[in-house]
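# Examining the three-dimensional arrangement
Here are the chains, one letter per residue:
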Amino acid sequence: MGRRSSKPFWARDYKKAAYNRQYYRRKKAEQRLSGIVGIAIIFGGIFIFSHFDGNHSSKFSSEASSLVHPAVAESSGGLEAFGHYNPDFDCHVDHSKDSIATMLCENSSAAKHELIFDQTYYALRQIVGKTGWKALKQQAISDDNALKACIDPSAHGEETPKADPDCYISKMAEITNKYKTKLSGAPLEEANRDINEHIKLQQQLINLGYMPAGSVADGVYGESTRAAIIKWQKNTGDHNPTGFLSDDDATKLMTSSAAVHVTSKSKPEYTSPVTPTHAQESRKSFLWMIILAVLLMVFIFFRHKVRKNKYEATWDLIRTEIYTQKKNLQIARTQKLTADAYGTVDVTKWAKEINYFINTRISPIISPRIQDEKRRDKLRVAAGCLIEQLASEPLEASTSTTVYRSNPTVFDPRMDPFDYEQYCALLLKNAGWDAQATKQSGDQGADVIAQKEGMKIVVQCKLYSGTVGNAAVQQVYTAKTYQGAQAAIVVTNSTFSAPAREAAATTGVYLIHHAQLVDTADKIFRHFKYS
């Protein structure tokens, strides 16, 4: 169905999954068009040399084979012979580093259970509507953690751990049943239906012309399938179309007549060959048709080649940039992922960090090189997957023999604490503040004092590898009073303890990462100036 990351489909952006399906369908359509053009050339040549020979003896029989509508041809068998199931992504892509994906491509039964979950998930997705998609996706990401138990932890070295299909099937069944408890009526009937029946019903919508003839019946009811169901329900007199196929609707749909009926009257009628007096003119027409067909094929081929080369060159630049920033991304991920008291991991801040990185580092690479917006989106999605993959890898110990030199203009977790204070002061200074690091002159708890148009803020800078406690909050609050400042901030490269956050809530001290320092200071300034 398309390329994906190590996460299952529901943990990924739905637009990405939908776009991947459209991409591969478009590829198939281009291949089909090339085949049709090739066949047209062959039969055109045969027609010319057989129809316009010296004797003009060839004729078309009036009993030629009847024309069959493509939708009818596609429905002629094949749907009953399900012997193997593929997951909802492309198994031809390298998934050797992804234990779950590798297992799904190899195990038909496990792949089937993933598709069964798709039915329930997409039914629930239709119920909650666009406003509820984000919450539903976050819930699915949380439930996805249960699948980690199915990966064999005994793998060593570079060996990719194996995933247990029986465990996966069991866990997916539990998750599916959990989601089914939220369904009733037609959505529940739809979710309980056999996956093979889903594929048949989807194929019938294609046969009836409610979905494009090039669509693929995969059993997953996305937005296009829901729209087709609603259109069919309206055409059959349903005054309250829901987009769900109840058991009665399923029976009614399967017994519906095809959009195009093939009868004896639909057989094409052919006239006798043109008279010899028009032979030269007709031959020229067919020759021009063949020439145009060949030119069309050449144009499509080179256009595809140029776009492919440009796309691959852009992706190489994106990969280089991400690998260059790998260490910074790893550090950012460890800072942004937090767990609540229940153990649920909050990915909101990390998702914003990825979006910020893509907007500031990746989009400037894509925009001047790729004009098609869909291809731009595909590159951004692929970049996001690679960022997640690399940032998830554990930080490696440095093996460099070069002695590290602390530089206050460039952040590094190994830098000198005073250089970190100067680094924070430089951030504010570059943003228009009069900021100075004051550690060496006695600061009473303020490492940086910044002023702007009569307003003063004090900042305490904590370069930590652990968690910042509430002592820092108390110190900077004291410094605020001593300096007569309007606001106090604690800045760190790490995270804050729960007591520190409680103390900050009481005293009004801001607790932030240094990447948020300029925005926070400007926000405080605007409030001071206009309040």
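On a predicted model such as this, the values are computed, not experimentally measured, just so you know. (Residues numbered from 1 in each chain as written. Predicted model: local features only at pLDDT ≥ 70, side-chain atom pairs only at ≥ 80, totals over all residues. Heavy atoms only, no water.)

### Digging into the sheet that holds strand β3 (residues 434-437)
Read from one edge to the other, the open sheet built from five strands follows the order β3-β4-β5-β7-β9, with strand pairing classed as mixed. Both edges of this open sheet fall to β3 and β9 (510-513), since each of them pairs with a single strand only. Strand-to-strand twist across the sheet, computed as the mean angle between neighbouring axes with direction ignored, equals 25 degrees. (Pairing = 2+ DSSP bridges. Helix = DSSP H or I, 4+ residues; strand = E, 2+ residues; numbered from the N terminus. Axes fitted to C-alpha atoms, helices over the stretch in contact; angles between N-to-C directions.)

### Things to note about unusual backbone geometry
One non-glycine residue, Glu453, lies in the positive phi region at around 50 degrees. When you line up the elements, Glu453 lands in the loop between β4 (448-452) and β5 (455-462).

### Topic: the pairing of β4
Judged by how many residues are buried, β4 sits mostly within the fold: four of five residues are covered. Relative to β4, β3 runs antiparallel, the two being bridged by four bridges. Bridge pairing in β4 links Asp434 to Gln451. Relative to β5, β4 is paired through five bridges, and the arrangement is antiparallel. Of the residues in β5, the one forming a bridge with Lys452 is Met455. Between β4 and β5, which pair antiparallel in sequence order, lie two residues; one of them, Glu453, sits at a positive phi of approximately 50 degrees. (Buried < 20%, exposed > 50% of the residue type's maximum accessible area, 1.4 Å probe, protein only.)

### Details of the packing of helix α13 (residues 348-366) against helix α14 (residues 373-391)
Between α13 and α14, whose axes approach to 10 Å, the crossing angle comes to 130 degrees. Comparing the axis directions of α13 and α14 gives the class oblique. Crossing of α13 against α14: the hand is right-handed. Contacts between α13 and α14 involve Trp350, Ile354, Phe357, Ile358, Ile362, Ser363 and Ile366 on the former and, on the latter, Arg376, Leu379, Arg380, Ala383, Gly384, Ile387, Glu388 and Ala391. Classifying every residue of the contact of α13 with α14 by side-chain character gives 10 nonpolar, two polar and three charged. (Parallel < 35°, antiparallel > 145°, perpendicular 65-115°, else oblique. Left-handed = near helix turned anticlockwise from the far one by under 90°. Contact = heavy atoms within 4.5 Å. Nonpolar A, V, L, I, M, F, W, Y, C, P; charged D, E, K, R; others polar.)

### Side note on the state of the cysteines
Counting across every chain of the model gives two disulfides. Sulfur-sulfur distance for the disulfide between Cys91 and Cys105 comes to 2.1 Å. Taking the sign of the S-S torsion, -90 degrees for the link of Cys91 and Cys105, the bridge is left-handed. On the criterion of sequence distance, the pair formed by Cys91 in the loop between α2 (70-74) and α3 (99-106) and Cys105 in helix α3 is long-range, its members being 14 residues apart. Given a relative accessible area of 29%, Cys91 falls into the partly exposed group. Each sulfur of the disulfide joining Cys150 and Cys167 lies 2.1 Å from the other. Between Cys150 and Cys167 the disulfide shows an S-S torsion of about -70 degrees. By sign, it is left-handed. Placement of the pair is Cys150 in the loop between α5 (130-144) and α6 (165-180) and Cys167 in helix α6, with a sequence separation of 17 residues. In this structure, Cys150 and Cys167 share a single accessibility class: buried. When the bonded cysteines of the protein are numbered from the N-terminus onward, they pair as 1-2, 3-4. Cysteine Cys461 remains unbridged, with the sulfur of Cys424 as its closest cysteine sulfur at 3.6 Å. (Disulfide = S-S within 2.5 Å.)

### A word on the environment of Ile100
Relative to the helices and strands, Ile100 resides in helix α3. Each C-alpha atom, one on Ile100 and one on Ile151, is 7.6 Å from the other, the two residues being 51 residues apart in sequence.

### Side note on the side chain of Asp249
Tracing the chain through its elements places Asp249 in helix α10 (residues 247-254). One buried charged side chain, Asp249, makes no salt bridge at all; its nearest oppositely charged neighbour is Lys252, positioned 5.9 Å away. Not counting the four nearest positions on each side in its chain, Asp249 is found in contact with Trp232, Gln233 and Phe244. (Lys, Arg positive; Asp, Glu negative; His and termini not counted. Salt bridge = Lys/Arg side-chain N within 4 Å of Asp/Glu carboxyl O.)

### Concerning the packing of α3 against helix α4 (residues 108-128)
Packing of α3 against α4 leaves a shortest axis separation of 5 Å and a crossing angle of 105 degrees. With respect to α4, the element α3 is oriented roughly perpendicular. Contacts between α3 and α4 involve Met103, Leu104 and Glu106 from the first element and Ser108, Ala110, Ala111 and Glu114 from the second.

### Description of the nonpolar core
Of all hydrophobic cores here, the largest spans 28 residues; its most connected members are Met103, Leu104, Ala110, Phe117, Tyr121, Tyr168 and Tyr179. Only α3, α4, α5 and α6 provide two or more residues apiece to this core. By residue number, the principal contributor to this core is α4, which donates eight residues. Core analysis: the next-biggest nonpolar cluster, separate from the first, contains 24 residues, Phe411, Tyr420, Met455 and Val459 among them. (Core = buried A, V, L, I, M, F, W, Y, C linked by side-chain atoms within 4.5 Å.)

### Comments concerning the pairing of strand β7 (residues 487-492)
When a strand is regular, its side chains alternate between the sheet's two faces. Burial analysis of β7 places six of its six residues in the buried class, which makes it a mostly covered element. Sheet topology note: the β7/β9 ladder contains four bridges and is parallel. Among the inter-strand pairings, Thr492 is bridged to a residue of β9, identified as His513.

### Side note on α4
Three or four residues apart is the spacing at which side chains of an α-helix point the same way, because the helix has 3.6 residues per turn. Helix length check: α4, at 21 residues, gives a terminal C-alpha distance of 30 Å against a target of 30 Å (1.5 Å per residue), a fit within 8%. Taking the backbone nitrogen of Ser109 as reference, a side-chain oxygen 3.1 Å away marks Asn107 as the first, capping residue of α4. After α4 finishes, the residue Gly129 shows a positive phi value of roughly 75 degrees. (Expected span 1.5 Å × (residues − 1). Polar contact = N/O pair within 3.5 Å; in protein donor to acceptor, adjacent residues only side chain to side chain.)

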